[in-house]
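# Analysis of the macromolecular model
Next come the chains, spelled out residue by residue.
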Amino acid sequence: MINLVLLGPPGAGKGTQAKRLEQKYGLVQLSTGDMLRAAVASGSALGQQAKKVMEAGQLMPDDIIVGMIAERIDQPDTRNGIILDGFPRTTAQAKALDHMLAERGLGLDLVIEIRVDDSALVERISGRFACAKCGAGYHDFNQRPKVEGQCDRCGVTEFVRRKDDNPATVRARLRAYHDQTAPILPYYADKGILRTVDGMADIETVASQIETLIKEVTSPLTGGLPSL
Ligand code: AMP
């Protein structure tokens, strides 16, 4: 069992890497962004609030997000461990997460920062799209489906683009990352569980850097990350 957080700005590749880890290690990806998009699609009151906040590139209130994660963590498919993607995004959320895990006799094993230059992100995000059915991610330039117009994973021919993936909203999301999310990094560094990978590298290289870190944590010899 391993519980890990993928931290990084929008477009760093958290979702892409989380999906690979799900398949490889039987972990489950908990993406607060995906949960909020599902709420928007359902048209619920929460969804209506989330729609406005997301389109402005701002953050949802901590208590709502923490409540969503607490409910999700209690479902049985999380027993092999979780990959948190897009959560925590504020120091208050990070502290609430520690508390929530401790109450369940659990803890975080590893926090991986995927570091990418801001200048690369607007272009990366502006080109991305996903399968409408299974959510597999693609990009206009870097990662087109193998058969044009057809999802590699499930064969569906419908794709979606996120409404908040436009340059103006991306800039607001980047500001939110630097102002509210990046300050979490020292919180985890102090606990000795923060590691950084170079997110400017290609998808395979980033994946193998992440796997090396996971092996360090799960190795019976080290039994966890040595503190820095
Ligand atoms: P993401 O898919 O992770 O890029 O999230 C999309 C948007 O959902 C963000 O820009 C926020 O508006 C909102 N959101 C997702 N996760 C959180 C979170 N942990 N805290 C606050 N807002 C969030």
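Please refer to the structure placed before this passage.
To start, this report covers the structure provided alongside it. Because the structure is predicted, anything quoted here is derived from the model rather than measured. (Residues numbered from 1 in each chain as written. Predicted model: local features only at pLDDT ≥ 70, side-chain atom pairs only at ≥ 80, totals over all residues. Heavy atoms only, no water.)

## So, the packing of aromatic side chains
In plain terms, the rule: A pair of aromatic rings is counted whenever rings of Phe, Tyr or Trp (Trp by its six-membered ring) have centres within 6.5 Å, and the orientation is called stacked for planes under 30 degrees apart, edge-to-face for over 60 and tilted otherwise.
Taken as a whole, this structure holds 4 aromatic pairs when the rule is applied. Counting every residue linked through ring pairs, the aromatic cluster contains Phe-129, Tyr-138 and Phe-159.

## Observations concerning the site of the ligand
The condition that has to hold: A single heavy atom is enough: if one lies within 4 Å of a molecule or strand, its residue is considered near that molecule or strand. Two N or O atoms count as a polar contact when they lie within 3.5 Å, although within protein this holds only if one can serve as hydrogen donor and the other as acceptor, and sequence-adjacent residues are included solely when both atoms are side-chain atoms. Per-residue and other accessible areas were derived by the Shrake-Rupley procedure at a 1.4 Å probe size, with only the shown protein chains allowed to occlude residues. Under the scheme used here, helices are H or I runs from DSSP no shorter than 4 residues and strands are E runs no shorter than 2 residues, and both carry numbers assigned from the N terminus. Here the term charged refers only to Asp, Glu, Lys and Arg, the term nonpolar to Ala, Val, Leu, Ile, Met, Phe, Trp, Tyr, Cys and Pro, and the term polar to all other amino acids, Gly among them.
Around the ligand sit 16 residues in total, of which Thr-32, Arg-37, Gln-58, Gly-86 and Gln-93 are the nearest. The contact in question runs from a nitrogen atom of the ligand to an N or O atom on the side chain of Thr-32, over 2.7 Å. Take Arg-173: an N or O atom from its side chain is 3.4 Å from an oxygen atom of the ligand. If the ligand stood free it would expose 480 Å²; the protein chains cover 96% of that surface. Counting residues per element, the shell around the ligand draws most heavily on helix α2 (residues 32–42), at 4 residues. Grouping the constituent residues of the shell around the ligand by class yields 6 nonpolar, 5 polar and 5 charged.

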